[in-house]
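Below are the chains, spelled out letter by letter.
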Amino acid sequence: MTAAFTFPGQGSQTVGMGKALADAFPVAKAVFDEVDAALGEKLTQVIWEGPAETLQLTENAQPALMAVSLATLRVLETEAGFDVGRDAAFVAGHSLGEYSALAAAGSLTISDTARLLRTRGLAMQRAVPVGVGAMAALLGLDFEAATAVAEEAAQGEVCQAANDNGGGQVVVSGDKAAVDRAVEIAKAKGAKRAMLLPVSAPFHCRLMQPAADAMAKALAEVTIKPPAAPLVANVLASPVTSPEEIRRLLVEQVTGTVRWRESVAYMAGQGVTHFFEIGAGKVLSGLVKRITDGATGLAVGAPADIAAAKDALAAAKSA
């Protein structure tokens, strides 16, 4: 198997995402209905009608992006013959996308995943008062250099590498003053750009420990099954299949680094040539080109993408 199925994270959301799929395919509409029922509210109304500020709230964006990913996957299964267990060498997701990947692989039910992501979004937002933390993108520095910048900037506060996205793009997270220092230090050390990100909390750093505690409690109450394809975990950048290890790593992920560059490089090293980004946006398929030579990334999230995905899967199978 030379295909991997990947799932986007927060920031890929847009008002109206998934609407064309739901209108065209009953299996997609059924996923959105299931998410609404699990949450006891019409999240689909926010996804399709906005306003954007409401969709961007972490507690909404996380289950919304998962819903779009799983709706897209259901269409790929029924219209293009996709089968996670048969066709995917690995599944992986960026931050919240890891939950989408697990739902896609049958480890979690869609309803449980929606509720977990609602809990996760609320817990991450509440972990740190607004304005206390910050995140910044450092462009043009490799991971080691960005980590050194974060360590120099900390000065007794929290400043950590939160996302190693690849292509010289590393995000740091922590206390606002420390992240501000990191921006200036990075510029002095030759970063092409260093800028604060418009986020509401400092994700993937030690300040998120209250959210990690909340997720440990929530995850203890759900059934996790072995995935149909191995999950390349964010915090390990290597595959896991044990339900208990998956549970533990999902807790660690809240405060740990999203090792996306290493995850993609690992999958490519195992022979993956086609990375399917299933859901909203094209961020992950764009990163594939920066991380590994010879692999292709294909974003699938609209009716017009289904035929191309079918052809790409056939090409992956014959590779």
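For clarity, every value in this text was computed on a predicted model and none was experimentally measured. (Residues numbered from 1 in each chain as written. Predicted model: local features only at pLDDT ≥ 70, side-chain atom pairs only at ≥ 80, totals over all residues. Heavy atoms only, no water.)

A. Summary view of the packing of aromatic side chains. A complete count under the given rule lists five aromatic pairs for this structure. When the ring of Phe5 is compared with that of Phe82, the centres are 5.4 Å apart and the planes differ by 25 degrees; the resulting orientation is stacked. With Phe5 in strand β1 (residues 3–7) and Phe82 in the loop between α5 (58–79) and α6 (84–87), this pair connects stretches of sequence that are 77 residues apart. Classification of Phe82 by relative accessible area gives buried; the value is 4%. (Phe/Tyr/Trp six-rings, centres within 6.5 Å; stacked < 30°, edge-to-face > 60°. Helix = DSSP H or I, 4+ residues; strand = E, 2+ residues; numbered from the N terminus. Buried < 20%, exposed > 50% of the residue type's maximum accessible area, 1.4 Å probe, protein only.)

B. Up close: the packing of helix α13 (residues 260–269) against helix α14 (residues 283–291). Packing of α13 against α14 leaves a shortest axis separation of 10 Å and a crossing angle of 70 degrees. Taken together, α13 and α14 sit at an angle that is classed as roughly perpendicular. Contacts from Trp260, Arg261, Val264 and Ala265 in α13 reach Leu284, Leu287 and Ile291 in α14. Taken together, the residues of the contact of α13 with α14 break down into six nonpolar, no polar and one charged. (Axes fitted to C-alpha atoms, helices over the stretch in contact; angles between N-to-C directions. Parallel < 35°, antiparallel > 145°, perpendicular 65-115°, else oblique. Contact = heavy atoms within 4.5 Å. Nonpolar A, V, L, I, M, F, W, Y, C, P; charged D, E, K, R; others polar.)

C. Looking closely at the layout of surface pockets. In this model, the largest pocket occupies a volume close to 850 Å³. Lining the largest pocket are 34 residues, and of these Gln10, Gly11, Asn163, Leu197 and Val199 sit closest to its centre. Looking at the lining of the largest pocket residue by residue, the classes come out as 16 nonpolar, 16 polar and two charged. (1 Å grid on protein atoms, 1.4 Å probe; cavity = no way out; pocket = protein on both sides within 12 Å on 5 of 7 lines; lining within 4 Å. Points joined across faces, edges and corners; volume = space filled by probe spheres on them.)

D. View of the pairing of strand β3 (residues 133–139). Counted residue by residue, β3 has seven buried out of seven residues, so it is predominantly covered. Burial along β3 is two-sided: the residues Gly133, Met135, Ala137 and Leu139 and Ala134, Ala136 and Leu138 are all buried. Where β3 and strand β5 (residues 169–175) come together, seven bridges link them in antiparallel fashion. Residue pairing in the sheet places Leu138 in a bridge with Val170 of β5. Where β3 and strand β6 (residues 193–196) come together, four bridges link them in antiparallel fashion. In the strand pairing of β6, Ala137 is matched with Met195. (Pairing = 2+ DSSP bridges.)

E. Layout of helix α7 (residues 97–104). Of all eight residues in α7, eight are buried, a share of seventy percent or more. The first or second residue beyond α7 is Gly106, which carries a positive phi of 80 degrees.

F. A look at the pattern of salt bridges. Overall, the coordinates contain 17 salt bridges when judged by the stated rule. The residue Asp180 makes a salt bridge to Lys176 at a minimum N-O spacing of 2.9 Å. Of this pair, Asp180 and Lys176 both sit in helix α10 (residues 176–188), separated by four residues, roughly a single helical turn. Given the relative accessible area of 27%, Asp180 is considered partly exposed. Taking relative accessible area as the criterion, Lys176 reaches 31% and is therefore assigned partly exposed. In this structure, Arg248 engages Glu252 in a salt bridge whose closest nitrogen and oxygen atoms are separated by 2.7 Å. A residue pair is termed a helical-turn pair when its members lie 3 or 4 positions apart in one helix, as Arg248 and Glu252 do in helix α12 (residues 243–255) at four residues. Judged by its relative accessible area of 37%, Glu252 is partly exposed. Residues joined by salt bridges that share partners form a network here, namely Arg86, Asp87 and Lys317. (Salt bridge = Lys/Arg side-chain N within 4 Å of Asp/Glu carboxyl O.)

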